[in-house]
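# Observations on the three-dimensional arrangement
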Amino acid sequence: MTNSKKSADVLEFYENWDFSKYPDYLTLLMDFEENLIYDIISKDEFFKSLKLETDFSKVLDAGCGFGSFYNLTKDFDTIYMDFSKNLLKKFKSKKNKICADIEKMPFNDSVFNLVLCINVLEHVNFLNAILEVKRVLKPNGRAYFVVVNKNSIINDEIFIDWKIPHELISVNDFKALESFDFQLESIRSFYFLPPLFKIFPKSILKKIIDLFFKNDEKISKYLKFKGQFLICKMVKK
Ligand SMILES: C[S@@+](CC[C@H](N)C(=O)[O-])C[C@H]1O[C@@H](n2cnc3c(N)ncnc32)[C@H](O)[C@@H]1O
């Protein structure tokens, strides 16, 4: 498949994406993933060090979708960027929304202190997108990338079979970026809920999710890099 065909298919998928019809269990699992990401980033030292003064902390949510991580970034000077007009329309914030392609962003070099790029790299040319993120980061700025892990033992099909062009990403794909002056500061995997729990009714699944939420960090120490997702923090040199 050519890159432009792949990109057109991804765009078509997101322009027509209607998550309001998803079954309860799927919404619960997506919330679980989101809560884990929120928890990991909000406790991260670099994130905690960001200042609220607008001229200091410029943030970009690249591939923001309908704004799942708005609460994490709303107090900074944040730009929300996505290439789907449909999702940007559904995003409740009215301010600072830009429709653009992550592989060719309409920003000057070295603008942002922090870039979030959550579940986007799987759909795009990995290296082009990463180098664009690096370009718009200030020196010493950080990017947090979240991707579906190629080496997961969970293999939950709801996160790997979205019926759109989608390539899973490995720890080594990030390690290979060191030669681009984009240094890997930390990487871990998260989300260890085995897919079989989906069969339980909502009330029981919620309790199981709570248990996995509380123990995610511990499990990730034993099952290093085997979780369903990777979260990687990179620093621009
Ligand atoms: C799985 S969603 C994640 C959305 C959001 N980051 C979140 O975690 O809720 C993937 C997002 O990437 C966006 N996307 C895919 N390819 C893109 C591209 N080339 N440029 C900008 N956004 C893109 C899609 O429109 C969609 O909003």
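Residues numbered from 1 in each chain as written. Predicted model: local features only at pLDDT ≥ 70, side-chain atom pairs only at ≥ 80, totals over all residues. Heavy atoms only, no water.

### Quick look at a nonpolar patch on the surface
Put simply, the test is: Residues qualify for a patch when their relative accessible area is over 30% and they have no salt bridge, like charges being joined within 9 Å and the nonpolar side chains of Val, Leu, Ile, Met, Phe, Trp and Tyr within 5 Å. For every accessible area listed, the method is Shrake-Rupley and the probe measures 1.4 Å; residues are considered covered only by the protein chains on display. Any Lys or Arg side-chain nitrogen located within 4 Å of an Asp or Glu carboxyl oxygen qualifies as a salt bridge. Buried residues are those whose accessible area, probed at 1.4 Å on protein chains only, stays under 20% of the maximum for their type, while exposed residues exceed 50% and partly exposed ones sit between those limits.
A surface patch of nonpolar side chains, about 400 Å² in accessible area, is lined by Leu196, Ile199, Phe200 and Ile204. A relative accessible area of 32% means that Phe200 is categorised as partly exposed.

### Remarks on the sheet that holds strand E3 (residues 97-99)
Defined as follows: In this analysis, strands are considered paired if DSSP registers two or more bridges between them. Elements are defined by DSSP. Helices are runs of H or I of four residues or more, strands are runs of E of two residues or more, and each kind is numbered from the N terminus. Only the stretch in contact is used when a helix axis is fitted, and all axes are lines through C-alpha atoms; the angle between N-to-C directions ranges over 0 to 180 degrees. We call two residues in contact when some of their heavy atoms are within 4.5 Å.
Pairing within the open sheet is mixed, and its seven strands lie in the order E3-E2-E1-E4-E5-E7-E6. Lying at the two open borders of the sheet, with one neighbouring strand each, are E3 and strand E6 (182-190). Recorded for the sheet is a direction-independent mean angle of 15 degrees between the axes of neighbouring strands. Summarising the sheet, strand E5 (residues 137-148) and strand E7 (residues 229-236) pair through seven bridges and their orientation is antiparallel. Among the inter-strand pairings, Val147 is bridged to a residue of E7, identified as Leu230. In the packing of helix H2 (residues 24-42) onto the sheet, the strands contacted are strand E4 (112-118), E5, E6 and E7, and the crossing angle to E6 comes to about 135 degrees.

### Some details on the nonpolar core
For the record, the criterion: Within this scheme, the nonpolar core is defined by two criteria: the residues are buried Ala, Val, Leu, Ile, Met, Phe, Trp, Tyr or Cys, and they are joined through side-chain atoms within 4.5 Å.
By size, the foremost hydrophobic cluster in this structure holds 42 residues, and its most contacted members are Ile41, Phe190 and Tyr191. Of all the secondary-structure elements, those providing two or more residues to this core are helix H1 (3-15), H2, helix H3 (45-49), E4, E5, helix H7 (157-160), helix H9 (202-222) and E7. For this core, the element with the highest residue contribution is H2, accounting for nine residues. Core analysis: the next-biggest nonpolar cluster, separate from the first, contains 32 residues, Ala62, Ile169, Phe174 and Leu184 among them.

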